[in-house]
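Structural features, examined
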Amino acid sequence: RQRSVILDKLLSMRCHPTADELYAVVRRQLPSVSLGTIYRNLDLLARSGQVRKLESGGSQARFDAELEPHHHVRCGVCGRVDDVAIIHE
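My aim in this report is to walk through the structure given alongside it, one point at a time. This one's a predicted model, so the numbers in the text were calculated from it and none came from an experiment. (Residues numbered from 1 in each chain as written. Predicted model: local features only at pLDDT ≥ 70, side-chain atom pairs only at ≥ 80, totals over all residues. Heavy atoms only, no water.)

1. Quick look at the side chain of Asn41
- Here Asn41 lies in helix α3 (residues 35-47).
- Those residues within four positions of Asn41 in sequence are excluded, and the remaining contacts are Arg3 and Ile6. (Helix = DSSP H or I, 4+ residues; strand = E, 2+ residues; numbered from the N terminus. Contact = heavy atoms within 4.5 Å.)

2. Comments concerning the pairing of strand β4 (residues 81-84)
- Bridge count between strand β3 (residues 71-74) and β4: 4 bridges; the pairing is antiparallel. Looking at β4, one finds that Val73 is bridged to Asp82.
- Counting the residues in the hairpin turn of β3 and β4 gives 6 residues, including Gly79, whose phi is positive at 85 degrees. (Pairing = 2+ DSSP bridges.)

3. Description of the environment of Gln60
- Considering the arrangement of structural elements, one finds Gln60 in the loop between β1 (52-54) and β2 (62-64).
- Along the chain, Gln60 and Gly79 lie 19 residues apart, while their C-alpha atoms are 8.7 Å from each other.
- Ignoring any residue separated from it by four or fewer positions in sequence, one finds Gln60 in contact with Thr18, Asp20, Tyr39 and Leu54.
- Polar side-chain contacts of Gln60 include one of 3.1 Å to the side chain of Asp20. (Polar contact = N/O pair within 3.5 Å; in protein donor to acceptor, adjacent residues only side chain to side chain.)

4. Some points on the side chain of His16
- Along the chain, His16 turns up in the loop between α1 (2-12) and α2 (19-29).
- Separated by 3.5 Å, the side chains of His16 and His72 make a polar contact.
- In this structure the side chain of His16 is engaged in a polar contact, spanning 2.9 Å, whose partner is the backbone oxygen of Val81.
- In contact with His16, other than residues within four places in its own chain, are Glu21, Leu54, Arg62, Phe63, Asp64, His70, His72, Val81, Asp82 and Asp83.

5. Observations concerning the layout of surface pockets
- By volume, the largest pocket is sized at about 240 Å³.
- If you trace the largest pocket, you find 13 residues lining it, with Met13, Arg14, Asp64, Glu66 and Asp83 closest to the centre.
- Elements that contribute at least two residues to the lining of the largest pocket include exactly α1, β2 and β4.
- Each residue belonging to the lining of the largest pocket can be placed in one class, and the counts come to 6 nonpolar, 1 polar and 6 charged. (1 Å grid on protein atoms, 1.4 Å probe; cavity = no way out; pocket = protein on both sides within 12 Å on 5 of 7 lines; lining within 4 Å. Points joined across faces, edges and corners; volume = space filled by probe spheres on them. Nonpolar A, V, L, I, M, F, W, Y, C, P; charged D, E, K, R; others polar.)

So this is what it looks like as structure tokens:
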């Protein structure tokens, strides 16, 4: 049940949250969930190919539920990661 809620919340988010950010969102629905549970389930979801784990040097990993091929851009100031639309003509 917890994994399902974690995945649903990630799918509903337009950003690419860290485990800590996702934890804050999931706790609204599952107040007793632990941060360790979030990390374990995100790792399992990433290893099973249900989500993408985005890692860049020196910053926390972020998670992306969009599995279609696309590119990302990361803000050097706040670390936020967004999708980049690439238009081919």
